[in-house]
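# Understanding the architecture of this molecule
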Amino acid sequence: MSYFTPANIRMWSRLGSCGAHAMAMGYLAENDKSIIAMEADLGVHAGLDRFRRSYPENYVNVGISEQNMIAVAAGMASEGYKVFASTFASFASARPLDQIRVNMGYMQLPVKLMGLTAGLSAGFLGATHLGTEDMAIIRSIPNITILSPADSTETVKAVLAAAESDKPVYIRLTGTMGSPVVYKEDYDYRIGKGIKLRDGIDVAIIATGTMVAESLKAAEALSEQGISASVIDIHTIRPLDGEMIRQCLDCKLIVTAEEHSVTGGLGSAVAEEISPCAHKPPQLLIGLPSSYPVADSYEAMLEKYGLTAEKIAGKIAEFMKQ
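Computed from a predicted model, the values in this text were never measured in an experiment.

### Some points on the packing of aromatic side chains
Between two aromatic rings, the relevant description is the distance of the centres plus the angle of the planes. Under the definition given, this model contains eight aromatic pairs. Arranged with centres 5.3 Å apart and planes meeting at 75°, the rings of F4 and W12 form a pair that is edge-to-face. With respect to burial, F4 and W12 carry one shared label: buried. An aromatic cluster of three or more residues is present, and its members are Y3, F4, W12 and Y27. The lysine or arginine in question, R95, covers the ring of F91, its NZ or CZ lying 3.9 Å from the ring centre. When the ring centre of F4 is taken as origin, the NZ or CZ atom of K157, which lies over that ring, is 4.3 Å away.

Here it is as structure tokens:
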């Protein structure tokens, strides 16, 4: 019986990506006692309270000590445990950077690092808690797979795939509770293989995380203006699906959309991929500016930084007029 039932997909959407990841952890732990949920005193925020009660022997809270968390996770991973270590994306990527670089990058120990509330979803907690540079940081370290799911369904897919991977993995979770559903039924998810969700000939919108749902709505709005836009879900930032990205070179404009700084994220990865190509269209990078966001509600921040469907469509239409 499929785990990806309509009822589960609706529930995961209500819970948001953090809650969906916790549900997937419970599903894994039912049949695999090597699964370990490790956290740095943010278990409730990670949605892991039910997991803690159900599988106390598979749950580790290291306290507010992110460097120690990665070191302990690496040690357990070297002994055959499948360790998912979680904390806010801003803390997960920056505080234990040396441990990530040595244990996950250099030693390639298969720790699965969960970057919770990435992007702007920490809202009112302010710049210290907003993970807007995390992909850039992790991308600078070799050998780490980077996953950025589009919705809660894909979050579950990413967690299940990461559990089967023998590589170190960083999973970046964006959005809040009540997140839009991109994938309404089971589908083929493979690490490193992007998914084309909509065909178009004028513009190729290459999106990741929450911006996949917004880009689909933006593409619909653009169609009413006579602009044909394809939408591609790049759920894996590394290894990047270069083949699918190069298929976009025949369009008039490549757009990258991400809830991350335009420095070092998806836009940079796509630019690096197509830079050797002799003939390529211009690229429009839609994301967060390289600055520290001012605390506000999640919805207000998306609007302020132009990461809504309406703002995305407007930027693309204006660029096309030029």
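### A closer look at the pattern of salt bridges
Side chains that differ in sign of charge can pair as their charged atoms come close. Overall, the coordinates contain 14 salt bridges when judged by the stated rule. The partner of R53 in a salt bridge is D49, and the shortest N-O contact between them spans 2.7 Å. With R53 and D49 both in helix α2 (residues 49-54) and four residues apart, this pair spans about one turn of that helix. A residue is classified by how much of its surface remains accessible, and D49, at 28% relative accessible area, is partly exposed. In this structure, R139 and E272 form a salt bridge, with 2.6 Å as the shortest nitrogen-oxygen distance. Residue R139 is located in helix α6 (residues 134-139), and its partner E272 is located in helix α10 (residues 266-274); the two are separated by 133 residues in the primary sequence. A relative accessible area of 48% places E272 in the partly exposed class.

### A closer look at the pairing of strand β11 (residues 253-261)
Summarising burial for β11: nine of the nine residues are buried, a large majority. As defined by bridge partners, strand β8 (residues 203-207) adjoins β11 across five bridges and the pair is classed as parallel. Residue I205 lies in a different strand from β11, and its bridge partner there is V255. Note: β11 against strand β12 (residues 283-288), five bridges, orientation parallel. Its bridge partner lying in β12, A257 is registered against I286. Traced from β11 through α10 to β12, the parallel crossover comes out right-handed.

Here is what the cut-offs are and how they apply
Residues numbered from 1 in each chain as written. Predicted model: local features only at pLDDT ≥ 70, side-chain atom pairs only at ≥ 80, totals over all residues. Heavy atoms only, no water. Phe/Tyr/Trp six-rings, centres within 6.5 Å; stacked < 30°, edge-to-face > 60°. Buried < 20%, exposed > 50% of the residue type's maximum accessible area, 1.4 Å probe, protein only. Lys NZ or Arg CZ within 6 Å of the ring centre and 35° of its normal. Salt bridge = Lys/Arg side-chain N within 4 Å of Asp/Glu carboxyl O. Helix = DSSP H or I, 4+ residues; strand = E, 2+ residues; numbered from the N terminus. Pairing = 2+ DSSP bridges. Right-handed = clockwise from strand over helix to strand, strands pointing away.

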